[in-house]
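Architecture and fold: a report
Residue strings, one per chain:
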Amino acid sequence: MNREETSSRLAEFLRSARARLSPQEAGLEEEGFGRRRVPGLRREELARLAGVSVDYYTRLEQGRSPSASAEVLDALATALRLDDAERAHLHTVARPTSAQRKRRSRPQRVHPGTWDLLETLEAACRPGFVLGRRLDVLAHNRLAGRLITDFRALPAAQRNQARFVFLDPHARELYADWATVAADTAAMLRLDAGRHPDDPALSALVGDLSIHSQDFRRYWSDNKVHQRTTGTKDYHHPLVGDLTISYQALTPVDDPDQILFIYRTEQGSPSETSLRLLASWNKPTTPAAELEHDPTAPRSTGNRRH
């Protein structure tokens, strides 16, 4: 990525973050707000909160400044009330490293130990799955396949969480709050794009989703970023009805570009009963196998890929 592209990405993120923050949320006095042509803070207000000149901030937001120091970025992040993921994204898009600019062509692999953990989760009636770069679904246990969809049965190019959420009609029926899931999915993809700005496969995915989904275009243009750690999701499953699932996201130490999601239900809850019923469903499933772009490739022995 060249300097001009870096400045453009930084400018886009700053403009969108400023537009989302109201003067009241920024802690400004209400006097003098007046009528605003656009939502959010004015440039001069954000510059004042961050302790920089209006001219300097304007050049940053217009993509006319070649760089910003870490101190300035932190000041802007604080003024914009960014969370940890958004703050990290701001630094990433403003100052991409040479390592970020280099791409590896080899597919990601799931470590055998992670596969063992997925099987252990299966025995405990807990869905589990692994997302990789671009939200590719790299692995899941059978229960996760029954809860969401069996990605193993799909062509390799379609084994992607963003494609499922935005392009598969089943997703809109499955997620009780599809709009929130969709917005978070686009924001997770945006976070990945900040970390890997020169990934041609990611650019192709974003382009394809933009062509085929108006909703994706809208959420992508919001320029939000999101990193999942813990939370809950509500499902409306066609076989077992409504479930509330809690999740935890973990990062395997051998590949920071993978995320292991572990799902659970509250003990003794109707959701637990429904999940156990789903686990006992005897419809044949695709045999467990790695979800690689090359399905015949052997499992990794621990080397970091991609």
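These remarks concern the structure in this document. (Residues numbered from 1 in each chain as written. Predicted model: local features only at pLDDT ≥ 70, side-chain atom pairs only at ≥ 80, totals over all residues. Heavy atoms only, no water.)

**Digging into the overall build of the chain**
A tally of helices and strands in the chain yields 14 helices and five strands. When burial is assessed residue by residue, the chain has 49% of its 306 residues classed as buried. The contacts in the chain between residues at least 6 apart in sequence include a share of 60% that link residues at least 24 apart. If you sum the accessible surface of the chain, you get close to 15300 Å²; carbon and sulfur atoms cover 48% of it. (Helix = DSSP H or I, 4+ residues; strand = E, 2+ residues; numbered from the N terminus. Buried < 20%, exposed > 50% of the residue type's maximum accessible area, 1.4 Å probe, protein only. Contact = heavy atoms within 4.5 Å. Areas by Shrake-Rupley, 256 points an atom, 1.4 Å probe, with all protein chains shown as cover.)

**Observations regarding the packing of helix H11 (residues 178–195) against helix H13 (residues 214–221)**
Between H11 and H13, the least distance of the axes is 9 Å, while the angle of their chain directions is 60°. Here H11 lies oblique to H13, going by the angle between them. The two elements H11 and H13 cross, and the hand of that crossing is right-handed. Facing H11, whose interface residues are Trp-178, Ala-179, Ala-182, Ala-183, Ala-186, Leu-189, Arg-190 and Ala-193, H13 presents Asp-215, Phe-216, Tyr-219 and Trp-220. Grouping the constituent residues of the contact of H11 with H13 by class yields ten nonpolar, no polar and two charged. (Axes fitted to C-alpha atoms, helices over the stretch in contact; angles between N-to-C directions. Parallel < 35°, antiparallel > 145°, perpendicular 65-115°, else oblique. Left-handed = near helix turned anticlockwise from the far one by under 90°. Nonpolar A, V, L, I, M, F, W, Y, C, P; charged D, E, K, R; others polar.)

**Observations regarding the pattern of salt bridges**
For side chains of opposite charge, pairing can occur when their charged atoms come near one another. Taken as a whole, this structure holds 14 salt bridges when the rule is applied. Across the salt bridge formed by Asp-136 and Arg-134, the nearest N and O atoms sit 3.6 Å from each other. With a relative accessible area of 10%, Asp-136 lands in the buried category. Taken together, the shared-partner salt bridges connect Arg-133, Arg-134, Asp-136, Asp-192 and Asp-199 into one network. (Salt bridge = Lys/Arg side-chain N within 4 Å of Asp/Glu carboxyl O.)

**Details of helix H12 (residues 200–212)**
Every α-helical turn comprises 3.6 residues, leaving residues that sit three or four positions apart pointing alike. For H12, with 13 residues, the first-to-last C-alpha span of 18 Å sits near the 18 Å given by 1.5 Å per residue. On the buried face of H12, the contacting elements are helix H9 (161–167), H11 and H13. If you check the start of H12, you find a side-chain oxygen 3.0 Å away from the backbone N of Ala-201, and it comes from Asp-199. (Expected span 1.5 Å × (residues − 1). Polar contact = N/O pair within 3.5 Å; in protein donor to acceptor, adjacent residues only side chain to side chain.)

**What about unusual backbone geometry?**
A positive phi angle, near 60°, is found at Arg-81, a position not held by glycine. Phi at Asn-223 takes a positive value of approximately 60°, unusual for a residue other than glycine. Inspection of the secondary structure puts Asn-223 in the loop between H13 and strand S3 (230–237). For Asn-223, a relative accessible area of 7% translates into the label buried.

**What about the sheet that holds strand S5 (residues 259–264)?**
Strand order in this open sheet of five strands is S2-S1-S5-S4-S3, and the pairing throughout is antiparallel. Edge positions in the open sheet fall to strand S2 (137–140) and S3, since each of these has one partner strand only. Along the sheet, successive strands turn relative to each other by an average axial angle of 25°, direction set aside. In the sheet, strand S1 (residues 128–131) pairs with S2 via three bridges, with the strands oriented antiparallel. Paired with Phe-129 across the bridge in S2 is His-140. Running over the sheet, helix H14 (residues 270–280) touches S3 and strand S4 (241–250) and is turned about 90° from S4. (Pairing = 2+ DSSP bridges.)

**Examining the nonpolar core**
Side chains of nonpolar character tend, in soluble globular proteins, to be buried together. Of all hydrophobic cores here, the largest spans 41 residues; its most connected members are Ile-148, Phe-166, Tyr-175, Leu-189, Tyr-235 and Tyr-263. The element that contributes the greatest number of residues to this core is H11, accounting for seven residues. Other than its neighbours up to four places away in sequence, Tyr-263 contacts Arg-126, Pro-127, Phe-129, Leu-147, Ile-148, Lys-233, Tyr-235, Ile-245, Ser-246 and Tyr-247. Residues Phe-13, Val-72, Leu-76 and Ala-79 belong to the second largest nonpolar core, which totals 28 residues. (Core = buried A, V, L, I, M, F, W, Y, C linked by side-chain atoms within 4.5 Å.)

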